[in-house]
Amino acid sequence: MVLLALVALLGGCAGVTSPPPPPVPPVALAASVAPGAVDVAPAEPLVVSAAGGRLTSVTVTPAGAPALTGTLDPTGTRWTSATLAYGTEYRVQAVGVDERGGPGAPLDQTFRTVDPEQTLEIASIRPTDGQTVGVAMPISITFDAPVTDRAAVERRVSVATSVPTEGSFRWMSDEQLNWRPKEYWRPGTQVTVEARLFGVDGGEGLYGAEDRSFSFTVGRDQRARGDVNAHTLVLYQDGQELRSLPASYGRDIYPTQYGVHVAFEKHEVKRMRSDTWGGPGEGQPGFYDQNLPLAVRISNNGEFVHVNPDSVSAQGRRNVSHGCVNLSPANGEFFYNWVQMGDPVEIVGSSRPLTTRDGDIADWTIPWEEYRQGSALP
């Protein structure tokens, strides 16, 4: 009886079957642009992806042109196109297979990129590409039109430094985006600015025209400190006092403004008229129209460090200028040859401050936390 029961039991086990394997989900293909979309900003490349499998073929064809090139990632699940163009209709066709190699539903759709009424271009940059600058030089990008969507544009601009450097963007106006470090640059820092503006929607029908990049180097640590009461301009190099120059500053009615100025232009000879910065007009007391040598601009409100032979007797003793820093021919030549574009020129002891109204390099007059708040991004 025991043997028969065992045989019966074994016979029952032989009849058990394994459950069927779970079904493989079909591969799902998708493009980063919705089917039939129009007025697509081409700031980003097109991405075609496969979920639950891999791509076997992707073709993106502009109307009337050869197919776009693209790159498939090593997993075979993500294909990224080359740069899209403005005002173009694209057809997207893709085929994929699931994880067992079974084909899925193909992707076939079209979309059209925007044809902008106006493009946004970079009118000027500072520093220029390849330039060596002083430790106080901010980065400035000036656009050829006002930017409405500041965040969208700022998001596409990056600053890379060879040494860790804390800094921030600040919109100085709708046309000018600046960036400066929290403290002065470290000498020797290599800086690269990437402005990936092509295709970006700057607001109100304004779209980026092109990408742009530039690099510069921070040079030697040079600083000048002008004391309007001591009538001196003291030059410092690598933290050490280099030379103290007798100087004459603005008279009481036209004081040289206090604060951190930045040297940013050099002129062997500069024509200066008092009415160009809001001073006396022609025929009024104090009017001047002169060609003065070896002039270094330190603000956009008419302030220079320059040679003035007529005020040599006052230099080191009295302030007699209309706001500029006057030096003797010998001292002015030394300063002109020594100073780098981007060197800070700090003026102290005056009754009138330098402000953002006095030009586009007033970055160091703005406290750091306030400066950061001028960014359009958190």
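Figured I'd write up the structure that's included with this text.

The rules behind the values
Residues numbered from 1 in each chain as written. Predicted model: local features only at pLDDT ≥ 70, side-chain atom pairs only at ≥ 80, totals over all residues. Heavy atoms only, no water. Patch = residues over 30% accessible without salt bridge, like charges linked within 9 Å, V, L, I, M, F, W, Y side chains within 5 Å. Areas by Shrake-Rupley, 256 points an atom, 1.4 Å probe, with all protein chains shown as cover. Salt bridge = Lys/Arg side-chain N within 4 Å of Asp/Glu carboxyl O. Lys, Arg positive; Asp, Glu negative; His and termini not counted. Charge placed at Lys NZ, Arg CZ, Asp CG, Glu CD. Helix = DSSP H or I, 4+ residues; strand = E, 2+ residues; numbered from the N terminus. Buried < 20%, exposed > 50% of the residue type's maximum accessible area, 1.4 Å probe, protein only. Core = buried A, V, L, I, M, F, W, Y, C linked by side-chain atoms within 4.5 Å. Contact = heavy atoms within 4.5 Å. Pairing = 2+ DSSP bridges. Axes fitted to C-alpha atoms, helices over the stretch in contact; angles between N-to-C directions.

1. As for a negative patch on the surface
A contiguous patch of negative charge on the surface is contributed by Glu121, Asp144, Glu194, Glu210 and Asp211. Relative to the helices and strands, aspartate 211 is located in strand β18 (residues 211–218). The class of aspartate 211 is partly exposed, set by a relative accessible area of 47%.

2. Looking at the pattern of salt bridges
Inspection of every chain in the model, using the stated rule, returns six salt bridges. The residue arginine 91 makes a salt bridge to aspartate 108 at a minimum N-O spacing of 2.6 Å. Taken as a pair, arginine 91 in strand β6 (residues 89–98) and aspartate 108 in strand β7 (residues 107–112) lie far apart in primary sequence, 17 residues in all. Assessed through its relative accessible area of 47%, aspartate 108 is described here as partly exposed. In this structure, aspartate 221 engages arginine 223 in a salt bridge whose closest nitrogen and oxygen atoms are separated by 2.9 Å.

3. Some details on the nonpolar core
If you look at soluble globular proteins, the nonpolar side chains tend to sit buried side by side. With 48 residues, the main nonpolar core has Phe143, Leu233 and Phe335 as its most contacted residues. The residues contacting phenylalanine 335, other than those within four sequence positions of it, are Ala224, Leu233, Leu235, Leu245, Val296, Val305 and Leu327. Judged by nonpolar contacts, the second largest core, of 19 residues, contains Val48, Leu55, Val60 and Ala94.

4. A few points about the sheet that holds strand β9 (residues 122–126)
In space, the four strands of this open sheet follow the order β9-β11-β14-β13, with antiparallel pairing throughout. For this open sheet the edge positions go to β9 and β13 (167–173), each flanked by a neighbour on one side alone. Within this sheet the neighbouring strands show an average axis-to-axis angle of 15°, counted without direction. Here four bridges tie strand β11 (residues 139–143) to strand β14 (residues 176–181), and the two strands are oriented antiparallel to one another. Each residue of the ladder has a partner; that of serine 140, found in β14, is asparagine 178.

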